[in-house]
Each structure stands twice: as structure tokens, then as C-alpha cells.
Amino acid sequence: MRQVIDLQAEKKATARFVKGYPLIEKDTVRNESKLKEEGSIIQLIDSEGKFLGKGYYGIQNKGIGWILTQNQNEQIDEPFFNRKISEAVAKRSSFFKDEETTAFRLFNGEGDGVGGLIIDYYEGFCVIQWYSEGIYSFRKEILSALESVVHPSGVYEKKRFEHGGKYVEDRDHVRGEEAPSPLLVKENGRTYAVHLDDGAMVGIFLDQRDVRQAIYMHYAQPDSKVLNTFSYTGAFSVPAALAGAHTTSVDLAKRSRPKTIEQFEVNGIDSETQDIVVMDVFDYFKYARRKELSFDMVILDPPSFARSKKRTFSTSKDYPALLKDAALITNGDGYIIASTNNASFGMDKFKKFIAEGMKSANFNYKICETFSLPDDFTVNRNFREGNYLKVVVLQKLS
Ligand code: SAH
């Protein structure tokens, strides 16, 4: 039997919990030391003992657990997960029908009512991400519910929590058929190669789907020059090249070269016609200025925080300088696609970073379009900070 522990919410946090705020943070509850085993059920009560919500104990960098229901009589069992997954599937019925897009987020954590649990769908296969030991303790119930609702060809899992000081690296495949590697998925008719059994990242970030489509439809022109920085597998380079642009993909990691070649080849693009550069982006900017290279579009999608041999980069500190570097090698009337997944600031602040960077380089610009998470990345209306993605397309005015 799971332990059930009553925890009292701090007075200052009670109103938020009443409204349906799902995250339990250490400093918003009293007697947090009563929690012993992750996966225990937390019953949150106010100072008068009135029921506020029921959830689980699971330690993530974000907090110590998630509220799953505000109904005291609802049990957290297999039928519960079955209901949640069914609702998530129903919301995505248009994705299931779409033959042009066969990879999407099936279950988006607290956005679909269960914080700490992410499930992505790739051409019939499911990849579960467990964000804490606590949610992992419901593995059996969640796997059964997923299989009975979705009938996936096979299931993979990624543990995103620490265990005994290190991340547990079990085999990723858990149930059903094994997917071919690469597994070819489609996104708006374009092909992506994904590897489900190859570490934390499978080869594509599904949250940028709408941005990739906009690059293909509007921003990449035939024979234009596109620079894709922090390019990883070159997922942004693919729509640009298919629109007829010449792409240069820059990433520090050696694996980015074979992975980018693979994405080009599965789309029938001769990778020899495109440039793939394994280099620190900041060195590449210097090199480009020295060689007087310039581009019609520069894509910036840095990790929130990165440490290389030479420097550390943090989006919340260094984005203006990054934008300036990009603008210096962008042609007049060219586009810059500035993206960040840093949840610690919102769109307004991101636009300020952009303004600061453009001002320091003395360039005028206009914002053409902005993006946040696509529809399948459901955001909980009581947890807006879950909408971490911010993308701004701007045009440098000549
Ligand atoms: N834009 C990519 C995702 C970027 S993931 C996409 O659309 O799929 C972040 C990438 O930045 C990683 O591949 C990492 O190797 C790379 N990276 C981190 N610091 C870097 C640096 N200083 N120079 C170049 N690449 C860097």
C-alpha cells in the first residue's frame, strides 16, 4: 500500500492551490519532512484541515510533487491514468488522423493533468519520460493504461531523474516491438530520422514543428543563404534546404555531422551541397566576420545553459550579445530566428534581450512573428510557466 501523508499548505500558497495550481514546492508546504518515500500520496490541506488536493511526492528540480486531483474521492490508480491518457488522446485526434505528421507529443505533463510524465508518439511508438522516482513508482499502472488506450507498436522510456547519484541508464526499450533505427517519421510531409534507443534525445525536438513549417513556407527563399547555429541534427536546416536555400549548420558536437547528413539524406537532399561545420558557434561568428560571410537568415537556438572548454553561455545573461553577433552577419532585410526554451523568463523579457542586442549593434528591425508551444504541448492554464518556448522571427531593416 502506498503511504498517504497529510501536508498542510502554507497560508500564503493556499489561495493558489484552491485555484488549481498543480506544483508542490518545498516552501509552500509545512512538515515536508514527513515525506519519506517518493511515490507516496500527498493530501494537501489548509490550516483548517480542509482538503485542497491530492497528488504524489516526487522530487524534480521544479518542486517536490504534483497535485493530480482536487476531488478527494478520486483514487490515483490505473483507471485514473487511463482517464488522463484517454483525454490526452482525444485532444490530439487531429494529429492521429494527419498522415503528413506522424510524430507529436501525446501527453504533456501537468498540461494533461499529470506533472512529471511526458509521452511522445513517433509513428506508432511511444517514448515515456519519467521526471522523478515518484512518478516512476506508478510505472506499472501507467504502462498498462497507455497500452490499453493507445495500443502502441512498442514503448520506450527515458528516466530523467537521479538515482543514487547518477542517472539510471537501463535499456530504453520496455514493451512490444523494437523500432527500426533510424525510425523515419513525418512532419508536415518532411521526413526525420529518429533513434528511440539512443540516450535522452531522439534526434528531433517536436516543440519546434510550427517554426520549421514557417521556415519552409515563408522565410527560406530559393538560393538564399541560411545559417543554423546550435544545429544539433540540423532539424531547422531540412525545411530551409527543401525550400531551396543553401544551409550552413554549426554545432560543437562531433555527432552533429553524421546526424545532420542523415536528416538531409532521408529527405533526398544531397548533403554534399550543404555545409556542416563542427565548431563553437562563437568562434564561427568571428570566422564569418573575418571572411566577410553574410546570410539571409540566421537561426539561433542555444541551450538554456552551456559550458564549453572556453566559455559558459547562459541565455538569461548572454542572449543580447548572441543576437548582436548574429545581426552583424545578417544581410539587410534578412531574418533572424531567435529561440529560447529557458522557462525562467517570459516573452516580454525575451523581446527586451532582442531589443538590447539590436540596439548595441545599431540595427533597426521589425518583429515578423512569434511562436510559443504548439497545440500538442498542452499548457495547464493554472501553470503558465509550463509554456517555456519563445521564438521571435525578426527582420533586420536595411
Ligand atoms: N536547434 C536544434 C537543437 C539545439 S540543442 C534543433 O532544432 O534540433 C543545443 C545544441 O547546441 C547541442 O547540439 C549542443 O551540442 C550545441 N551547443 C552547445 N553549445 C555550443 C556552442 N558553444 N557552439 C556550438 N554548439 C553548441
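Residues numbered from 1 in each chain as written. Predicted model: local features only at pLDDT ≥ 70, side-chain atom pairs only at ≥ 80, totals over all residues. Heavy atoms only, no water.

Pairing in this open sheet of five strands is mixed, and the strands run 6-7-8-9-12 from one edge to the other. A strand with exactly one partner marks an edge of an open sheet, and here the two such strands are strand 6 (103–108) and strand 12 (173–176). Looking at each pair of strands side by side, their axes are set apart by 20 degrees on average, direction ignored. Examined bridge by bridge, strand 9 (residues 154–159) and strand 12 share three bridges and lie antiparallel to one another. Note that in strand 12 the partner of Val155 across the bridge is Arg175. Each of strand 6 and strand 7 (117–122) is contacted by helix 2 (residues 78–91), which is oriented at about 140 degrees to strand 6, the strand it contacts most. Helix 5 (residues 139–150) contacts strand 6, strand 7, strand 8 (125–130), strand 9 and strand 12 of the sheet and is inclined by roughly 155 degrees relative to strand 8. (Pairing = 2+ DSSP bridges. Helix = DSSP H or I, 4+ residues; strand = E, 2+ residues; numbered from the N terminus. Axes fitted to C-alpha atoms, helices over the stretch in contact; angles between N-to-C directions. Contact = heavy atoms within 4.5 Å.)

Looking now at the site of the ligand. Lining the immediate surroundings of the ligand are 17 residues, of which Phe230, Asp251, Leu252, Val281 and Asp301 lie closest. Measuring from a nitrogen atom of the ligand, one finds a backbone N or O atom of Phe230 at 2.9 Å. Asp251 has a polar side-chain atom sitting 2.7 Å from an oxygen atom of the ligand. About the coverage of the ligand: the protein hides 90% of its 590 Å² of free accessible area. (Near = heavy atom within 4 Å. Polar contact = N/O pair within 3.5 Å; in protein donor to acceptor, adjacent residues only side chain to side chain. Areas by Shrake-Rupley, 256 points an atom, 1.4 Å probe, with all protein chains shown as cover.)

To continue, consider the UniProt feature "domain: RlmI-like PUA" (unreviewed entry) in the protein. Per the UniProt entry, the sites bearing "domain: RlmI-like PUA" (unreviewed entry) are residues 11–70 in this numbering. Helix makes up 15% of residues 11–70 and strand 32%, and the two end C-alpha atoms of the span are 18 Å apart. (UniProt positions renumbered as here; feature names shortened; annotations may be inferred.)

Counting all residues, the mean pLDDT for the protein is 96, and 98% of those residues have values of 70 or more. When mean pLDDT is taken per element in the protein, strand 15 (residues 225–229) scores highest with 99 and strand 11 (residues 166–167) scores lowest with 58. (pLDDT = per-residue confidence, 0-100.)

Along strand 8, six of the six residues are buried, which leaves the element largely enclosed by surrounding structure. Covered by surrounding structure in strand 8 are Phe125, Val127 and Gln129 together with Cys126, Ile128 and Trp130, the residues of both alternating faces. The pairing of strand 7 with strand 8 spans six bridges and is classified as antiparallel. Among the inter-strand pairings, Tyr121 is bridged to a residue of strand 8, identified as Cys126. In this structure, the hairpin formed by strand 7 and strand 8 is closed by a connection of two residues, where Glu123 is found at a positive phi of approximately 50 degrees. Two strands pair when backbone bridges link them, and strand 8 and strand 9 are joined in this way by six bridges, in the parallel orientation. In the strand pairing of strand 9, Phe125 is matched with Gly154. (Buried < 20%, exposed > 50% of the residue type's maximum accessible area, 1.4 Å probe, protein only.)

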